[in-house]
Amino acid sequence: MALPYELQLGWRYTRAGRATRRNGFISFISGVSMAGIALGVAALIIVLSVMNGFQKEVRDRMLGVVSHIEIFSRDGQALQDLQPIMDAARKNPEVIGAAPFIASQALIARGEDMKGALVRGIEPKLEPEVTDFSSTAQKGALDRLVPGQFGIVLGAELARQLYVRDGDQVTLIAPGGQVTPAGVVPRLKQFTVVGTFDSGHYEYDSALAMIHEQDAAKVFRLEGPTGIRLKLKDLNQAREVADELAKTLPGQFLIRDWTRQNKTWFSAVQVEKRMMFIILTLIVAVAAFNLVSTLVMTVTDKRADIAILRTLGASPKSIMGIFVVQGAMVGVIGTFAGLGLGLLVAYNIDVIVPAIERLLHTHFLPQDIYLISRMPSDPQRSDIMPIAIISLVLAFVATLYPSWRASRVNPAEALRYE
């Protein structure tokens, strides 16, 4: 099948240009533009993949403590008819686990040290259904939460701030003290530290404590659990499932999913990711618009060729098509080279970064400072496809003006001094 001559000439101009010093310089500029597009595309893919990896890593650590969906009563009191609500929630095909809990603010004290904390009463046997808490806690810590023995599991950072370890006693001070003739007396209860957990997320490790649900009901004077925690097959469907449960559950409840609980953090990450995308896209844009200078120089060099084609009957549209093909080829080759390089690095960053660290004798992510000690990467199609499309569009747009100028060349003027 014969290709259009515009495509053949455009491809010939793209790969030619080293016969003379001037043509060699044009070829060099074209290569620089191609390399710039490739590096810009690769940088975009690598940076966004690493940001996705960090977000996934922090999210997974967070969901080791936080459930996907939480259901509360509107008045903040204990839920009535708990089992029917849990059964109704489990009927949703996305729900794979449910467990009751009690949550309340309190003070935890040891000697003169006192810290505010979120105290969560849990059912140890059902807790593994809704969180990965057992994987972040000390071995057997959940089993030591026995009703009536008033054991408590503290976040690792909270335990360090209170200078306590397993077997030590702490005092839990509940809100809403008891009214006596002498005034309001705070409700105090001694708890024994039976373990700690380290989720890798400072916010929870420094301000969360776990006790048995029955002990929490006694301390906070509640008739039962104040909420139900749910785990889903796909955590990304949490908002949709929460909206469905709001319509199907019997009664009026407050339903909150994990994206709303941490809305500020996730919004900040999305803004940062969007800004990085814009900044790095400018690098691709600069490289793409280098094609303008390349094509202008090519058009100047090929004026005689253009004039001969025009005298042979080529239309201005065909002349414009030749140089659009030339510029587009540079953009296509640069974009796909960048995609290949970016994906190669993104999928092997766990090998590349340690090699660079060994070479430079340094650590980019010291374990005693950051949550994670390795560079995570998570390439996503939703990021890669827009990058490729934007790069191709920018390269195409950059070819329009020089190609239009080529189509306006007057054959008589071009051949006057030939």
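How each quantity is defined
- Residues numbered from 1 in each chain as written.
- Predicted model: local features only at pLDDT ≥ 70, side-chain atom pairs only at ≥ 80, totals over all residues.
- Heavy atoms only, no water.
- Phe/Tyr/Trp six-rings, centres within 6.5 Å; stacked < 30°, edge-to-face > 60°.
- Helix = DSSP H or I, 4+ residues; strand = E, 2+ residues; numbered from the N terminus.
- Buried < 20%, exposed > 50% of the residue type's maximum accessible area, 1.4 Å probe, protein only.
- Salt bridge = Lys/Arg side-chain N within 4 Å of Asp/Glu carboxyl O.
- Expected span 1.5 Å × (residues − 1).
- Arc of directions from axis to C-beta.
- Pairing = 2+ DSSP bridges.
- Core = buried A, V, L, I, M, F, W, Y, C linked by side-chain atoms within 4.5 Å.
- Contact = heavy atoms within 4.5 Å.
- UniProt positions renumbered as here; feature names shortened; annotations may be inferred.
- Polar contact = N/O pair within 3.5 Å; in protein donor to acceptor, adjacent residues only side chain to side chain.

Next up on the list: the packing of aromatic side chains. Going through the model one piece at a time under the given rule, you end up with three aromatic pairs. Residues Phe72 and Phe101 carry aromatic rings whose centres are separated by 5.7 Å and whose planes lie at 80° to one another, so their mutual orientation is edge-to-face. Remark: Phe101 occurs in strand β2 (residues 95–110) and Phe72 occurs in strand β1 (residues 69–73); sequence separation between them is 29 residues. For Phe72, a relative accessible area of 18% translates into the label buried. With a relative accessible area of 1%, Phe101 lands in the buried category. Where Phe150 meets Phe191, the ring centres are 5.5 Å apart and the plane angle is 85°; that geometry is what we call edge-to-face.

This part is about the pattern of salt bridges. Across all of its chains, the model carries six salt bridges by this definition. Arg256 is the salt-bridge partner of Glu70, the closest N and O atoms lying 2.9 Å from each other. Of this pair, Glu70 sits in strand β1 while Arg256 sits in strand β9 (residues 253–257), and the two are 186 residues apart along the sequence. Accessibility expressed as a relative area gives 3% for Glu70, which makes it buried. Here Lys273 ties to Asp383 by a salt bridge, and the two come within 3.2 Å at their closest N and O atoms. Here the residue Lys273 occupies a position in helix α11 (residues 263–301), and Asp383 occupies one in helix α15 (residues 381–407), the gap between them amounting to 110 residues. On the basis of relative accessible area, Asp383 is assigned to the buried category, the value being 12%.

Now for helix α14 (residues 349–360). The end-to-end C-alpha distance of α14, which contains twelve residues, comes to 16 Å, matching closely the 16 Å that a straight helix rising 1.5 Å per residue would cover. Within the sequence span of α14, burial applies to Ile349, Val353 and Glu357. Axial view of α14: buried residues confined to an arc of 65°, hence all on one face. Of the residues in α14, the exposed ones pointing more than 90 degrees away from the buried face are Val351, Arg358 and Leu359.

Side chains Phe253, Ile255 and Asp257 of β9 all project onto a buried face; the interleaved residues Leu254 and Arg256 project onto a face where none is buried. In this structure, β1 lies alongside β9, joined through five bridges in antiparallel fashion. Each residue of the ladder has a partner; that of Ser73, found in β9, is Phe253.

Turning next to the nonpolar core. With 40 residues, the main nonpolar core has Ile69, Ile228 and Leu230 as its most contacted residues. The dominant element in this core, judged by the number of residues it contributes, is helix α3 (residues 82–90), at five residues. Other than its neighbours up to four places away in sequence, Ile69 contacts Ile228, Arg229, Leu230, Leu232, Ala238, Val241, Ala242, Leu245, Ile255, Arg256 and Asp257. Formed by 24 residues, the second largest nonpolar core is a distinct cluster that contains Val119, Ala159, Ala174 and Ala217.

Here we take up the UniProt feature "transmembrane region" (unreviewed entry) in the protein. According to UniProt, the positions carrying the feature "transmembrane region" (unreviewed entry) are residues 25–51, 277–299, 319–349 and 384–404. End C-alpha atoms of residues 277–299 are separated by 33 Å, and the span's content is 100% helix alongside 0% strand. Between the first and last C-alpha atoms of residues 319–349 the distance is 45 Å; the span itself is 97% helix and 0% strand.

Relative to the helices and strands, Thr131 is located in the loop between α4 (127–130) and α5 (133–136). A distance of 3.0 Å separates a polar atom in the side chain of Thr131 from a polar atom in the side chain of Glu127. Look past the residues within four positions of Thr131 in its chain and what remains in contact with it is Leu63, Gly64, Val65, Val66, Ser67 and Arg229.

Looking at where Val351 falls in the secondary structure, it is placed in helix α14. Taking relative accessible area as the criterion, Val351 reaches 54% and is therefore assigned exposed. With 24 residues separating them in the primary sequence, Val351 and Met375 have C-alpha atoms 9.6 Å apart.

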